[in-house]
Amino acid sequence: MTKNSSDSLHPIHRDANYTLGRTSHETKRLIEQSKIYGESTRLLCEWAGIHKGMRVLDIGSGAGDVSLMIAEIVGSSGQVVGVDVNPAILETARQRAANVGLKNVEFIAGDARTLHFEDKFDALVGRFVLMYMADPVTALKKLITHLKLDGIVAFQEPEYTLYPAVSHPSTPLMSQLYEWILDVFQHSGAHLDMGIGLYRAFVEIGLPPPEMHLHAPIGAEGDWTGYRYMVTIFQSLLPLIEKYGIATAEEVDVDTLAERLHNEVLLSKRPFFLPLHVTAHARLGS
Ligand SMILES: C[S@@+](CC[C@H](N)C(=O)[O-])C[C@H]1O[C@@H](n2cnc3c(N)ncnc32)[C@H](O)[C@@H]1O
(Lines give C-alpha, C1' and ligand atoms only; values in the text may rest on other atoms or scores of the structure.)
Protein backbone atom coordinates (compact mmCIF):
# COMPACT_ATOMS: atom_id res chain seq x y z
CA MET A 1 0.00 0.00 0.00
CA THR A 2 1.42 3.36 -0.96
CA LYS A 3 1.59 6.10 1.65
CA ASN A 4 -1.12 8.66 1.32
CA SER A 5 0.05 12.23 1.72
CA SER A 6 -3.47 13.27 2.75
CA ASP A 7 -3.63 10.73 5.63
CA SER A 8 -5.13 11.84 8.93
CA LEU A 9 -7.29 14.52 7.39
CA HIS A 10 -4.61 17.16 7.09
CA PRO A 11 -6.02 19.85 4.83
CA ILE A 12 -4.72 19.57 1.29
CA HIS A 13 -4.32 22.44 -1.13
CA ARG A 14 -7.32 21.66 -3.35
CA ASP A 15 -10.48 19.54 -3.50
CA ALA A 16 -10.02 16.04 -4.86
CA ASN A 17 -10.51 15.57 -8.54
CA TYR A 18 -13.91 13.81 -8.46
CA THR A 19 -12.28 10.44 -9.11
CA LEU A 20 -15.36 8.61 -10.27
CA GLY A 21 -16.17 11.02 -13.08
CA ARG A 22 -19.29 12.91 -14.08
CA THR A 23 -20.71 10.60 -16.73
CA SER A 24 -24.17 9.05 -16.96
CA HIS A 25 -22.44 5.78 -16.11
CA GLU A 26 -21.32 7.32 -12.80
CA THR A 27 -24.91 8.42 -12.10
CA LYS A 28 -26.04 4.81 -12.59
CA ARG A 29 -23.18 3.61 -10.37
CA LEU A 30 -24.36 5.89 -7.55
CA ILE A 31 -27.85 4.40 -7.79
CA GLU A 32 -26.37 0.85 -7.69
CA GLN A 33 -24.15 1.88 -4.77
CA SER A 34 -27.18 2.94 -2.82
CA LYS A 35 -28.58 -0.59 -3.01
CA ILE A 36 -25.49 -1.80 -1.14
CA TYR A 37 -24.85 1.07 1.26
CA GLY A 38 -28.48 2.20 1.68
CA GLU A 39 -29.24 -0.10 4.59
CA SER A 40 -26.48 1.44 6.73
CA THR A 41 -27.70 4.92 5.70
CA ARG A 42 -31.18 3.98 6.91
CA LEU A 43 -29.73 2.73 10.20
CA LEU A 44 -27.68 5.92 10.54
CA CYS A 45 -30.84 8.03 10.14
CA GLU A 46 -32.63 5.93 12.74
CA TRP A 47 -29.74 5.99 15.25
CA ALA A 48 -29.25 9.73 14.72
CA GLY A 49 -32.92 10.40 15.47
CA ILE A 50 -34.11 11.76 12.12
CA HIS A 51 -37.90 11.59 12.17
CA LYS A 52 -41.17 12.84 10.73
CA GLY A 53 -41.52 16.59 10.30
CA MET A 54 -37.78 17.38 10.30
CA ARG A 55 -36.04 19.73 7.86
CA VAL A 56 -32.84 18.04 6.61
CA LEU A 57 -29.88 19.26 4.55
CA ASP A 58 -28.15 16.57 2.43
CA ILE A 59 -24.64 17.55 1.32
CA GLY A 60 -23.32 16.10 -1.97
CA SER A 61 -26.70 14.62 -2.80
CA GLY A 62 -25.61 13.11 -6.14
CA ALA A 63 -28.41 11.23 -7.91
CA GLY A 64 -30.60 11.83 -4.85
CA ASP A 65 -30.61 8.46 -3.09
CA VAL A 66 -30.00 9.76 0.44
CA SER A 67 -32.37 12.72 -0.03
CA LEU A 68 -35.13 10.49 -1.38
CA MET A 69 -34.75 8.04 1.51
CA ILE A 70 -34.90 10.86 4.06
CA ALA A 71 -37.85 12.52 2.28
CA GLU A 72 -39.80 9.30 2.98
CA ILE A 73 -38.70 9.35 6.64
CA VAL A 74 -39.58 13.01 7.32
CA GLY A 75 -42.87 12.74 5.42
CA SER A 76 -45.01 15.50 3.98
CA SER A 77 -44.68 17.63 7.13
CA GLY A 78 -40.89 17.62 6.74
CA GLN A 79 -38.53 18.81 4.03
CA VAL A 80 -35.21 17.76 2.48
CA VAL A 81 -32.80 20.05 0.62
CA GLY A 82 -30.13 18.23 -1.40
CA VAL A 83 -27.09 20.19 -2.54
CA ASP A 84 -24.60 19.09 -5.19
CA VAL A 85 -21.83 20.89 -7.02
CA ASN A 86 -22.72 18.97 -10.20
CA PRO A 87 -25.90 20.51 -11.72
CA ALA A 88 -26.31 17.72 -14.30
CA ILE A 89 -26.71 14.96 -11.71
CA LEU A 90 -29.40 17.02 -9.96
CA GLU A 91 -31.60 16.69 -13.05
CA THR A 92 -31.61 12.94 -12.43
CA ALA A 93 -32.33 13.50 -8.74
CA ARG A 94 -35.28 15.83 -9.53
CA GLN A 95 -36.67 13.39 -12.08
CA ARG A 96 -36.45 10.51 -9.60
CA ALA A 97 -38.26 12.55 -6.93
CA ALA A 98 -41.00 13.42 -9.46
CA ASN A 99 -41.29 9.75 -10.54
CA VAL A 100 -42.19 8.68 -7.01
CA GLY A 101 -44.35 11.75 -6.35
CA LEU A 102 -42.17 13.24 -3.60
CA LYS A 103 -42.94 16.93 -3.18
CA ASN A 104 -41.01 17.54 0.05
CA VAL A 105 -37.54 17.42 -1.52
CA GLU A 106 -35.70 20.05 -3.55
CA PHE A 107 -32.24 20.03 -5.10
CA ILE A 108 -29.93 23.04 -5.29
CA ALA A 109 -26.79 23.27 -7.40
CA GLY A 110 -23.71 24.71 -5.75
CA ASP A 111 -20.78 24.16 -3.46
CA ALA A 112 -22.30 23.15 -0.12
CA ARG A 113 -19.62 25.11 1.74
CA THR A 114 -20.68 28.47 0.32
CA LEU A 115 -24.48 28.29 0.17
CA HIS A 116 -26.67 30.51 2.31
CA PHE A 117 -30.05 29.42 3.74
CA GLU A 118 -32.70 31.62 5.33
CA ASP A 119 -34.02 28.93 7.69
CA LYS A 120 -32.08 26.57 9.94
CA PHE A 121 -32.18 22.78 9.58
CA ASP A 122 -32.93 20.02 12.13
CA ALA A 123 -30.28 17.74 10.63
CA LEU A 124 -27.24 17.80 8.38
CA VAL A 125 -26.37 14.59 6.54
CA GLY A 126 -23.85 13.50 3.93
CA ARG A 127 -22.73 10.25 2.36
CA PHE A 128 -19.35 9.77 0.64
CA VAL A 129 -18.71 13.49 0.20
CA LEU A 130 -16.39 14.92 2.88
CA MET A 131 -13.59 12.70 1.55
CA TYR A 132 -13.49 14.84 -1.62
CA MET A 133 -13.14 18.17 0.17
CA ALA A 134 -9.66 19.65 0.60
CA ASP A 135 -10.29 20.49 4.26
CA PRO A 136 -13.19 18.40 5.60
CA VAL A 137 -12.84 19.74 9.16
CA THR A 138 -13.23 23.39 8.14
CA ALA A 139 -16.04 22.39 5.74
CA LEU A 140 -17.95 20.63 8.53
CA LYS A 141 -17.49 23.63 10.83
CA LYS A 142 -19.09 25.86 8.18
CA LEU A 143 -21.87 23.37 7.42
CA ILE A 144 -23.08 23.01 11.01
CA THR A 145 -23.84 26.75 11.10
CA HIS A 146 -26.98 25.84 9.11
CA LEU A 147 -28.29 23.80 12.06
CA LYS A 148 -30.69 24.67 14.87
CA LEU A 149 -29.14 24.68 18.37
CA ASP A 150 -29.98 21.00 18.98
CA GLY A 151 -29.39 19.94 15.35
CA ILE A 152 -28.25 16.47 14.29
CA VAL A 153 -25.03 15.80 12.36
CA ALA A 154 -24.90 12.42 10.55
CA PHE A 155 -22.26 11.33 8.03
CA GLN A 156 -21.26 8.13 6.27
CA GLU A 157 -17.78 7.96 4.72
CA PRO A 158 -15.53 5.18 3.38
CA GLU A 159 -12.44 3.97 5.21
CA TYR A 160 -9.77 2.63 2.84
CA THR A 161 -6.87 2.38 5.30
CA LEU A 162 -8.33 -0.82 6.79
CA TYR A 163 -8.11 -2.70 3.53
CA PRO A 164 -5.04 -4.78 4.59
CA ALA A 165 -7.15 -6.18 7.45
CA VAL A 166 -9.80 -7.47 5.07
CA SER A 167 -7.32 -8.82 2.52
CA HIS A 168 -5.44 -11.02 4.99
CA PRO A 169 -4.50 -13.68 4.12
CA SER A 170 -3.99 -12.02 0.80
CA THR A 171 -5.83 -13.18 -2.30
CA PRO A 172 -4.25 -11.87 -5.51
CA LEU A 173 -7.21 -10.30 -7.30
CA MET A 174 -8.80 -8.65 -4.26
CA SER A 175 -5.40 -7.27 -3.17
CA GLN A 176 -4.71 -5.97 -6.66
CA LEU A 177 -8.08 -4.25 -6.92
CA TYR A 178 -7.61 -2.48 -3.58
CA GLU A 179 -4.08 -1.39 -4.56
CA TRP A 180 -5.51 0.18 -7.72
CA ILE A 181 -8.39 1.86 -5.87
CA LEU A 182 -6.03 3.30 -3.24
CA ASP A 183 -3.61 4.46 -5.90
CA VAL A 184 -6.21 6.30 -7.95
CA PHE A 185 -7.87 7.95 -4.93
CA GLN A 186 -4.45 8.97 -3.63
CA HIS A 187 -3.53 10.53 -6.98
CA SER A 188 -6.83 12.42 -7.00
CA GLY A 189 -6.23 13.87 -3.51
CA ALA A 190 -9.17 12.23 -1.70
CA HIS A 191 -8.98 11.53 2.04
CA LEU A 192 -8.65 7.75 2.30
CA ASP A 193 -9.25 7.75 6.06
CA MET A 194 -12.39 9.92 6.09
CA GLY A 195 -14.48 7.18 7.78
CA ILE A 196 -12.42 6.95 10.95
CA GLY A 197 -11.48 10.62 10.49
CA LEU A 198 -15.11 11.56 11.17
CA TYR A 199 -14.32 11.26 14.87
CA ARG A 200 -11.54 13.83 14.64
CA ALA A 201 -13.61 16.10 12.42
CA PHE A 202 -16.53 16.09 14.88
CA VAL A 203 -14.53 16.72 18.06
CA GLU A 204 -12.19 19.31 16.52
CA ILE A 205 -15.11 21.58 15.74
CA GLY A 206 -16.60 21.19 19.21
CA LEU A 207 -19.26 18.56 18.48
CA PRO A 208 -19.76 15.82 21.07
CA PRO A 209 -17.82 12.61 20.33
CA PRO A 210 -20.00 10.86 17.73
CA GLU A 211 -21.57 7.43 18.04
CA MET A 212 -19.80 5.46 15.31
CA HIS A 213 -20.27 2.15 13.49
CA LEU A 214 -18.03 0.34 11.02
CA HIS A 215 -19.88 -1.41 8.17
CA ALA A 216 -18.44 -4.05 5.86
CA PRO A 217 -20.50 -5.30 2.90
CA ILE A 218 -19.30 -8.86 2.41
CA GLY A 219 -20.46 -11.67 0.16
CA ALA A 220 -19.60 -14.89 -1.61
CA GLU A 221 -22.55 -16.32 -3.56
CA GLY A 222 -22.32 -16.25 -7.36
CA ASP A 223 -25.30 -13.94 -7.69
CA TRP A 224 -24.09 -11.51 -5.00
CA THR A 225 -24.65 -7.95 -6.19
CA GLY A 226 -21.24 -6.90 -4.77
CA TYR A 227 -19.31 -8.43 -7.70
CA ARG A 228 -21.31 -6.42 -10.18
CA TYR A 229 -20.93 -3.30 -8.04
CA MET A 230 -17.12 -3.71 -8.06
CA VAL A 231 -17.32 -3.80 -11.86
CA THR A 232 -19.21 -0.48 -11.87
CA ILE A 233 -16.53 1.06 -9.59
CA PHE A 234 -13.84 0.07 -12.08
CA GLN A 235 -15.86 1.27 -15.06
CA SER A 236 -16.00 4.69 -13.38
CA LEU A 237 -12.35 4.68 -12.23
CA LEU A 238 -10.84 3.33 -15.45
CA PRO A 239 -10.29 6.67 -17.23
CA LEU A 240 -8.22 7.96 -14.29
CA ILE A 241 -6.50 4.60 -13.73
CA GLU A 242 -5.26 4.84 -17.30
CA LYS A 243 -4.53 8.57 -17.13
CA TYR A 244 -2.33 8.17 -14.03
CA GLY A 245 -0.59 5.14 -15.60
CA ILE A 246 -1.71 2.86 -12.76
CA ALA A 247 -2.94 0.01 -15.01
CA THR A 248 -4.24 -0.57 -18.51
CA ALA A 249 -7.81 -1.42 -19.52
CA GLU A 250 -6.53 -4.90 -20.50
CA GLU A 251 -5.08 -5.45 -17.02
CA VAL A 252 -8.27 -4.36 -15.29
CA ASP A 253 -10.44 -6.28 -17.79
CA VAL A 254 -13.82 -5.15 -16.46
CA ASP A 255 -15.72 -7.56 -18.73
CA THR A 256 -14.46 -10.62 -16.86
CA LEU A 257 -13.97 -9.01 -13.44
CA ALA A 258 -17.15 -10.26 -11.76
CA GLU A 259 -16.50 -13.84 -12.86
CA ARG A 260 -12.84 -13.72 -11.79
CA LEU A 261 -13.81 -12.34 -8.38
CA HIS A 262 -16.31 -15.12 -7.82
CA ASN A 263 -13.74 -17.73 -8.94
CA GLU A 264 -11.24 -16.33 -6.46
CA VAL A 265 -13.80 -16.59 -3.66
CA LEU A 266 -14.49 -20.23 -4.60
CA LEU A 267 -10.78 -21.10 -4.78
CA SER A 268 -9.67 -19.27 -1.62
CA LYS A 269 -12.84 -20.05 0.36
CA ARG A 270 -12.74 -16.43 1.56
CA PRO A 271 -15.63 -14.02 0.99
CA PHE A 272 -15.13 -10.74 -0.85
CA PHE A 273 -15.26 -7.38 0.93
CA LEU A 274 -16.51 -4.21 -0.66
CA PRO A 275 -14.97 -0.94 0.60
CA LEU A 276 -15.60 -0.52 4.34
CA HIS A 277 -17.41 2.54 5.57
CA VAL A 278 -18.13 4.31 8.83
CA THR A 279 -21.28 6.03 10.06
CA ALA A 280 -21.03 8.76 12.71
CA HIS A 281 -23.67 10.90 14.34
CA ALA A 282 -23.96 13.41 17.15
CA ARG A 283 -26.31 16.17 18.28
CA LEU A 284 -25.27 19.78 18.84
CA GLY A 285 -25.38 20.89 22.44
CA SER A 286 -25.72 17.36 23.90
C1 LIG B 1 -19.73 9.75 -4.23
S2 LIG B 1 -20.96 10.94 -4.63
C3 LIG B 1 -22.18 10.53 -3.38
C4 LIG B 1 -23.57 10.97 -3.75
C5 LIG B 1 -24.64 10.67 -2.69
N6 LIG B 1 -24.34 11.30 -1.43
C7 LIG B 1 -24.85 9.19 -2.53
O8 LIG B 1 -24.33 8.63 -1.55
O9 LIG B 1 -25.49 8.57 -3.40
C10 LIG B 1 -20.33 12.48 -4.05
C11 LIG B 1 -21.12 13.68 -4.51
O12 LIG B 1 -20.68 14.84 -3.79
C13 LIG B 1 -20.68 15.94 -4.66
N14 LIG B 1 -19.79 16.97 -4.08
C15 LIG B 1 -18.44 16.90 -3.91
N16 LIG B 1 -17.99 18.03 -3.33
C17 LIG B 1 -19.08 18.84 -3.12
C18 LIG B 1 -19.26 20.14 -2.55
N19 LIG B 1 -18.22 20.84 -2.09
N20 LIG B 1 -20.52 20.65 -2.50
C21 LIG B 1 -21.58 19.95 -2.98
N22 LIG B 1 -21.45 18.71 -3.53
C23 LIG B 1 -20.23 18.16 -3.61
C24 LIG B 1 -20.21 15.34 -5.99
O25 LIG B 1 -20.56 16.16 -7.09
C26 LIG B 1 -20.93 14.00 -5.98
O27 LIG B 1 -22.19 14.06 -6.64
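The sections below set out a description of the structure shown in this document. Along every chain, residues carry numbers that run from 1 in the direction the sequence is written. In keeping with the predicted nature of the model, local features appear solely for residues at pLDDT of at least 70, side-chain atom pairs appear and are counted solely at 80 or more, and the whole-chain, interface and lining totals rest on all residues.

**Brief notes about the site of the ligand**
Put simply, the rule reads: Each residue receives a C-beta atom built from its backbone; the residue is near a molecule or strand if that atom lies within 6 Å of it. Secondary structure elements are taken from DSSP: a helix is a run of H or I of four residues or more, a strand is a run of E of two residues or more, and numbering for both begins at the N terminus. Lys, Arg, Asp and Glu make up the charged group, whereas Ala, Val, Leu, Ile, Met, Phe, Trp, Tyr, Cys and Pro make up the nonpolar group; the residues left over, Gly among them, are polar.
Around the ligand, the surrounding shell holds 21 residues, and the nearest of these are Gly60, Gly62, Val85, Ala112 and Arg127. Elements represented by at least two residues in the shell around the ligand include exactly helix H1 (24-48), helix H2 (65-74) and strand E2 (79-84). The residue inventory of the shell around the ligand, partitioned by class, reads eleven nonpolar, five polar and five charged.

**Observations concerning the sheet that holds strand E4 (residues 121-127)**
The following threshold applies: Strands qualify as paired when DSSP identifies two bridges or more between them. Interaxial angle, 0 to 180 degrees, is taken between N-to-C directions of lines fitted to C-alpha atoms, where a helix line uses only the stretch in contact.
The sheet built from seven strands is open, its strands ordered E3-E2-E1-E4-E5-E9-E6 with mixed pairing. Two strands bound the open sheet, and with one partner strand each, they are strand E3 (105-109) and strand E6 (211-215). In this sheet, adjacent strand axes meet at a mean angle of 15 degrees when their direction is disregarded. With five bridges joining them, strand E1 (residues 55-59) and E2 adopt parallel strand pairing.

**Considering helix H10 (residues 254-268)**
Where we set the bar: Residue count minus one, scaled by 1.5 Å, sets the expected span of a helix.
With 15 residues, H10 extends 21 Å between its outermost C-alpha atoms, agreeing within 8% with the 21 Å of an ideal straight helix rising 1.5 Å per residue. Positive phi shows up at Lys269, right after H10, with a value of about 55 degrees.

**Side note on unusual backbone geometry**
Stated formally: In this scheme every C-beta is placed from the backbone, and a residue whose C-beta has 20 or more other C-beta atoms within 10 Å is buried, one with 12 or fewer is exposed, and one in between is partly exposed.
Of note in this structure, Phe128 is not a glycine but carries a positive phi near 55 degrees. Mapped onto the fold, Phe128 is located in the loop between E4 and helix H4 (136-143). Within the chain, Asp253 stands out as a residue other than glycine whose phi angle is a positive 45 degrees. For Asp253, the location among the structural elements is in the loop between helix H9 (249-252) and H10. For Asp253, a count of 12 C-beta atoms within 10 Å gives the class exposed.

**Here we look at the pairing of E2**
What counts, and what does not: By convention, orient the strands away from the viewer: a clockwise path from the first strand over the helix to the second makes the crossover right-handed.
Burial analysis of E2 places six of its six residues in the buried class, which makes it a mostly covered element. Side chains Gln79, Val81 and Val83 of E2 all project onto a buried face; the interleaved residues Val80, Gly82 and Asp84 project onto the opposite face, where all are buried too. Once you follow E1 into H2 and on to E2, the crossover reads as right-handed. Pairing between E2 and E3: five bridges, direction parallel. In the strand pairing of E3, Val83 is matched with Ile108. A crossover links E2 with its parallel partner E3, the connecting element being helix H3 (residues 87-99), and its sense is right-handed.

**Some remarks on the nonpolar core**
Short version of the rule: The term nonpolar core refers to a group of buried residues, namely Ala, Val, Leu, Ile, Met, Phe, Trp, Tyr and Cys, whose C-beta atoms join them within 7 Å. Once C-beta atoms are placed from the backbone, any two residues with those atoms within 7 Å are in contact.
With 74 residues, the main nonpolar core has Val56, Ile70, Ala123 and Ala154 as its most contacted residues. Of all the elements, helix H8 (residues 225-243) adds the most residues to this core, at eight residues. Residues contacting Val56, with those up to four places away along its chain left out, are Ile50, Ile70, Val74, Val80, Phe121, Asp122, Ala123 and Val125.

**A few points about the environment of Ala249**
Note on placement: Ala249 falls in helix H9. Along the primary structure Ala249 and Gly62 are separated by 187 residues, whereas in three dimensions their C-alpha atoms are 27 Å apart. In this structure, Ala249 is in contact with Leu238 and Glu242, ignoring residues within four places of it in sequence.

Any functional reading would require information beyond the geometric quantities listed.
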